[in-house]
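# Remarks on the overall topology
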Amino acid sequence: MKVGARDVVHGAVDEKSYEIRLAVKSLVRGSESDLDGVRVDGGLKGRIPHCLPYEITDTGKKKTPYAYEVFRDIALSGTDWMPGK
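Residues numbered from 1 in each chain as written. Predicted model: local features only at pLDDT ≥ 70, side-chain atom pairs only at ≥ 80, totals over all residues. Heavy atoms only, no water.

With that settled, the discussion passes to the overall build of the protein. The helix and strand inventory of the protein stands at zero helices and five strands. In sequence order, the protein lays out its α and β elements as β-β-β-β-β. When the 85 residues of the protein are sorted by exposure, 16% land in the buried category. In the protein, of all internal contacts separated by at least 6 residues, the share reaching a separation of at least 24 is 50%. (Helix = DSSP H or I, 4+ residues; strand = E, 2+ residues; numbered from the N terminus. Buried < 20%, exposed > 50% of the residue type's maximum accessible area, 1.4 Å probe, protein only. Contact = heavy atoms within 4.5 Å.)

With that out of the way, let us pick up the side chain of Thr-64. The topology assignment puts Thr-64 in the segment after β5 (54–58). For Thr-64, a relative accessible area of 12% corresponds to the buried category. A distance of 2.6 Å separates polar atoms of two side chains, one belonging to Thr-64 and the other to Asp-58. Non-local contacts of Thr-64, meaning those with residues more than four positions away in its chain, are made with His-10, Tyr-18, Ile-20, Ile-56 and Asp-58. (Polar contact = N/O pair within 3.5 Å; in protein donor to acceptor, adjacent residues only side chain to side chain.)

Scanning the entire structure with this criterion turns up zero aromatic pairs. Lying over the aromatic face of Tyr-18, Lys-62 brings its terminal NZ or CZ to 5.3 Å of the ring centre. (Phe/Tyr/Trp six-rings, centres within 6.5 Å; stacked < 30°, edge-to-face > 60°. Lys NZ or Arg CZ within 6 Å of the ring centre and 35° of its normal.)

Right, let's get into the sheet that holds strand β1 (residues 4–11). Think of a sheet as strands paired side by side through backbone hydrogen bonds, with each pair either parallel or antiparallel. If you trace the three strands from one edge of the open sheet to the other, you get β1-β2-β5, paired in antiparallel fashion. In this open sheet, the two edge strands, each paired with only one partner strand, are β1 and β5. Averaged over all pairs of adjacent strands, the angle between strand axes in this sheet comes to 30°, irrespective of strand direction. Sheet topology places β1 next to strand β2 (residues 17–24); eight bridges connect them, and they run antiparallel. Residue Val-9 lies in a different strand from β2, and its bridge partner there is Glu-19. (Pairing = 2+ DSSP bridges. Axes fitted to C-alpha atoms, helices over the stretch in contact; angles between N-to-C directions.)

Next comes the structure, spelled out in structure tokens:
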């Protein structure tokens, strides 16, 4: 997996845009038991979950009000360029 930082514009729930630096740290493989007790869609049952640790830094004049919102704008693609789940 390619890691590193990239300057992007985050479109927040408040419908405003914020300039940030998004730094992907790694992709961490979990275990099937990490999803014990979690309701998942049928197509995802039995799959292995992964975590994507990342860090954001405000680079513009406006400060991102809720940094945790950034995850909804992240899309993963495999090495074959197919969307990740």
